Amino acid sequence: MDHEKLADLLFPEIDKTPEDYENIYPPRELPEGAKVTRLGPSPTGFMHLGNLYGAFVDERLAHQSGGVFYLRIEDTDDKRYVEGAVDVIIDSLEYFGIAFDEGAAKDGEHGAYGPYTQSERGEIYRAMAKYLVKNGAAYPCFMTEEEIASMRETQQKAQAAPGVYGEYAKCRDLSYDDVKERIDAGQSWVLRLRSDGDPDEPAEIKVKDAIRGMLTMPENCQDVVILKANGIPTYHFAHVVDDHLMRTTHVVRGEEWLSTLPIHVELFSKMGWRRPVYCHTAQLMKLDENGNKRKLSKRKDPELRLGYYKEMGYHPAAVREYLLTLLNSNYEEWRASHPDADIDDFPFTTKKMSTSGALFDINKLNDVSKDTLVKISAEDLFAFMLEWAEEYDPETASILRGRESYVGPILDLGRSGKKPRKDFVNAPQMFDYISYFFDERFEIRDEAPEEVRGDEKAILEKYLETYDQSDDQNDWFGKIRGIAESLGYAARPKDFKKEPDRYKGHVGHVSQVIRIAVTGRAQSPDIWEIQQILGEKRVRERVRAFADSFE
RNA sequence: GCCCCGUUGGUCAAGAGGUUAAGACGCAGCCCUCUCACGGCUGAAUCAUGGGUUCGAUUCCCGUACGGGGUACCA
């Protein structure tokens, strides 16, 4: 068999060789140790948490080492292409602070290693495929779908491994004339790798994984398809060609690729190229609908969809912070000792990554979010909340718009000092938390405590009599103590605790009535401070109205 | 079915052949306190399982169970 002739028959229009491309895409000139990573999403328009998770690893690895992080669109599966998907990918990652240095972009492409869209790299793949054919490492296969299906049946009966290999690889040794005849007859063909693996006794190969350590697996022995009938490469071939030519040093991808790794190993060796370092990440999981502690990775789970966090009003910094705690087990410790450090200063390493899938924990996200938001200025929080509302809650947006100077101090209530309040989790929750500051949203939500039953009106009337907006906090509370005592309540909670029979209740119960009158709820930050913001007129109105509701 | 990866409290997890098996979230209780939050303290709760190897194994080896992934001209 003359491989050279076969190669020309199969790829008559290709005159470039791998060397040509080596020259077009020379090794990158980067500082020692710089890593080149990439994100290779398929343009389905659906991004999930896992994509972000992986993108973080890519981004950190590259930028921490002074390397390059680029975006490559892997659209070799034409059936799945969704219009506008590239913009979605870029936008949703940008929201979480992930930016690419190179590759596909909204305004075209940037970089010297393009094209960065696989559907535009056809000639390159074909040239590389031609090279393989020339070396006898690949061959055309004319098996039809039906043939393959029946072959699989046979294999099943024989309890043999499925796939095209060994004796099942019928087209492996077709003669040149045979091939030519079939092609001339218009038969469609795919290009298969001629695997060197021994199907009977596959040798053991060892591959180092930056996350998992040394992996031991059987060598590949399948004659996998590398070019489909339509001339488009499969993922396996595109991965090998692109990551070599784009000079990727570290391939970060999900663990679902682990079992096809031997194919990639063989392809790299057949091409005579050095492999990148593989980093196979664990998959993110969740609890199932029944609350069972089952791990699963359904793509459709709403909280796995990336847009979900934006819609739910989670601040991107909080999501980033949370993801990092999942990503690197020592992150929380680092954060605790560097509370104000920039997140990018954290020394990220693949060695500290978990090899088992983490369950997404909304509780933890909420907690991390509280800690994150407490460090953000009221000004920025307001902008964030408004921006969220403009997109997802127009009514709230209309309330907030233009009221920054009013809302700022509200957001800062109790947030200063050594023990700042950590009340805020996400945008809608933040607004709800402060909504009583807006007359159009003010409502009485909670009931006064039992201890004051029957005394509500008296408490509120007395409060109105003594209320003076210009009192300082001590004077103000002193007056409430006075009211409490005059009505038979303990001026101090401790007195009440000591002698519960002597009093109806204590000053806390009394002030609770006032709290509800002013805020509508049983829990709030400091009432005095709230009243300073609300202004005397509104305070009096609200107290009056609440007093009048008791007869 | 076969192949690959994984399994430390409810969750995220550190960890090493001999430890009282860290820490965080959540939960319970207490303290602080005009409520809540914050903060502080205390507590309940873990090495999937059966065999080996070993003086000793949660840690190493083998099997089992469970979970995840693959087994495509999807990625």
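Our structure's up above, just so we're on the same page.
The paragraphs below set out a description of the structure included in this document. On a predicted model such as this, the values are computed, not experimentally measured, just so you know.

Some words on empty space enclosed by the protein
This model, assessed by the stated rule, comprises two cavities of 30 Å³ or more. Of the voids in this model, the largest cavity is the one considered here, and its volume is about 70 Å³. Y95, K310, F384, E387, W388, E391 and Y392 are the residues that line the largest cavity. Ranked by the residues each element gives to the lining of the largest cavity, the list is headed by helix α14 (residues 378-392), at five residues. Classifying every residue of the lining of the largest cavity by side-chain character gives four nonpolar, no polar and three charged. Of the voids in this model, the second largest cavity is the one considered here, and its volume is about 60 Å³. Forming the boundary of the second largest cavity are I410, L411, L413, R415, R421, D423, F424, Y433, I434, Y436, F437 and P525. Listed by contribution, the elements that provide at least two residues to the lining of the second largest cavity are α16 (404-411) and α17 (427-434). When grouped by side-chain class, the residues that make up the lining of the second largest cavity number nine nonpolar, no polar and three charged.

Some points on the protein's contact with RNA strand B
For RNA strand B, the set of nearby residues contains 60 residues, the closest of which are T76, D77, K228, R421 and S524. A distance of 2.8 Å separates a base oxygen of RNA strand B from a polar backbone atom of A229. S354 places a side-chain nitrogen or oxygen 3.3 Å from a phosphate oxygen of RNA strand B. With four residues, the top contributor of residues to the surface near RNA strand B is helix α21 (residues 507-519). By residue class, the composition of the surface near RNA strand B is 18 nonpolar, 17 polar and 25 charged.

With respect to a negative patch on the surface
Taken together, the side chains of E167, D198, D200 and E201 present a region of like negative charge at the surface. Positionally, D200 belongs in the loop between β6 (190-193) and β7 (204-209). Judged by relative accessible area, which is 71%, D200 ranks as exposed.

Observations concerning the packing of α14 against α16
Running from N to C, α14 and α16 cross one another at 115 degrees; their axes reach a closest spacing of 9 Å. Both α14 and α16 take part in a crossing whose hand is right-handed. Each of A378, E379, L381, F382 and M385 in α14 lies in contact with α16, whose residues at this interface are E404, V407, G408 and L411. Looking at the contact of α14 with α16, its residues break down into six nonpolar, one polar and two charged.

Considerations on the packing of α21 against helix α22 (residues 527-534)
Between α21 and α22, the shortest axis-to-axis distance is 11 Å and the interhelical angle comes to 30 degrees. As far as their axial angle goes, α22 and α21 are roughly parallel. As for how α21 packs across α22, the hand of that crossing is left-handed. The residues of α22 that touch α21, namely those facing S511, I514, R515, V518 and T519, are I527, I530, Q531 and L534. Residue composition of the contact of α21 with α22, grouped by class: five nonpolar, three polar and one charged.

Overview of the sheet that holds strand β2 (residues 68-71)
One open sheet accounts for four strands, arranged β1-β2-β3-β4; its pairing is mixed. Either end of the sheet is taken by a strand with one partner, and the two such strands are β1 (36-39) and β4 (108-110). The sheet shows a mean angle of 20 degrees between the axes of neighbouring strands, taken without regard to direction. Sheet topology places β2 next to strand β3 (residues 102-105); two bridges connect them, and they run parallel. Considered in β3, the bridge of L71 is made with G103. The sheet contacts of helix α3 (residues 49-64) involve β1 and β2, and relative to β1 the element is tilted by about 160 degrees.

Focus: α16
For α16, every residue scored as buried is listed here: Y406, V407, G408, I410 and L411. Contacts made by the buried residues of α16 are with α14, α15 (394-400), α17, α22 and α23 (536-548).

Here's the deal with the sheet that holds strand β5 (residues 138-141)
Taken together, the three strands give an open sheet; going across it, the order is β5-β6-β9, and neighbouring strands pair in antiparallel fashion. This sheet does not close on itself; its edge strands, each paired only once, are β5 and β9 (225-227). Strand-to-strand twist across the sheet, computed as the mean angle between neighbouring axes with direction ignored, equals 45 degrees. Bridge analysis of β6 against β9 gives two bridges, and the strand direction is antiparallel. Note on β9: the bridge partner recorded for L191 is L227.

Overview of the side chain of T76
Positionally, T76 belongs in the loop between β2 and α4 (85-95). Using a relative accessible area of 10% as the deciding quantity, one classes T76 as buried. Aside from chain neighbours lying at most four places away, what touches T76 is Q118, K228, I232, P233 and A238.

Digging into the side chain of H239
Inspection of the secondary structure assignment puts H239 in helix α8 (residues 235-245). What makes H239 buried here is its relative accessible area of 0%. Engagement of the side chain of H239 in a polar contact is seen with the side chain of R253, the distance being 3.4 Å. A polar contact of 2.9 Å, which involves the side chain of H239, links it to the side chain of Y278. When residues no more than four places from it in sequence are discounted, the contact partners of H239 are R38, H244, V251, R253, H264, F268 and Y278.

Describing the environment of P199
Note that P199 resides in the loop between β6 and β7. Overall, P199 belongs to the partly exposed group, its relative accessible area being 31%. With 266 residues separating them along the chain, P199 and E465 place their C-alpha atoms 94 Å apart. Those residues in contact with P199 that lie beyond four places of it in its chain are Y165, G166 and C221.

Regarding unusual backbone geometry
Of note in the backbone geometry, R247 takes a positive phi value of approximately 60 degrees without being a glycine. Note on placement: R247 falls in the loop between α8 and β10 (250-254). Residue class for R247 comes out buried when judged on its relative accessible area of 15%.

About the thresholds
- Residues numbered from 1 in each chain as written.
- Chains lettered and ligands numbered in written order.
- Predicted model: local features only at pLDDT ≥ 70, side-chain atom pairs only at ≥ 80, totals over all residues.
- Heavy atoms only, no water.
- 1 Å grid on protein atoms, 1.4 Å probe; cavity = no way out; pocket = protein on both sides within 12 Å on 5 of 7 lines; lining within 4 Å.
- Points joined across faces, edges and corners; volume = space filled by probe spheres on them.
- Helix = DSSP H or I, 4+ residues; strand = E, 2+ residues; numbered from the N terminus.
- Nonpolar A, V, L, I, M, F, W, Y, C, P; charged D, E, K, R; others polar.
- Near = heavy atom within 4 Å.
- Polar contact = N/O pair within 3.5 Å; in protein donor to acceptor, adjacent residues only side chain to side chain.
- Patch = residues over 30% accessible without salt bridge, like charges linked within 9 Å, V, L, I, M, F, W, Y side chains within 5 Å.
- Areas by Shrake-Rupley, 256 points an atom, 1.4 Å probe, with all protein chains shown as cover.
- Salt bridge = Lys/Arg side-chain N within 4 Å of Asp/Glu carboxyl O.
- Lys, Arg positive; Asp, Glu negative; His and termini not counted.
- Charge placed at Lys NZ, Arg CZ, Asp CG, Glu CD.
- Buried < 20%, exposed > 50% of the residue type's maximum accessible area, 1.4 Å probe, protein only.
- Axes fitted to C-alpha atoms, helices over the stretch in contact; angles between N-to-C directions.
- Left-handed = near helix turned anticlockwise from the far one by under 90°.
- Contact = heavy atoms within 4.5 Å.
- Parallel < 35°, antiparallel > 145°, perpendicular 65-115°, else oblique.
- Pairing = 2+ DSSP bridges.

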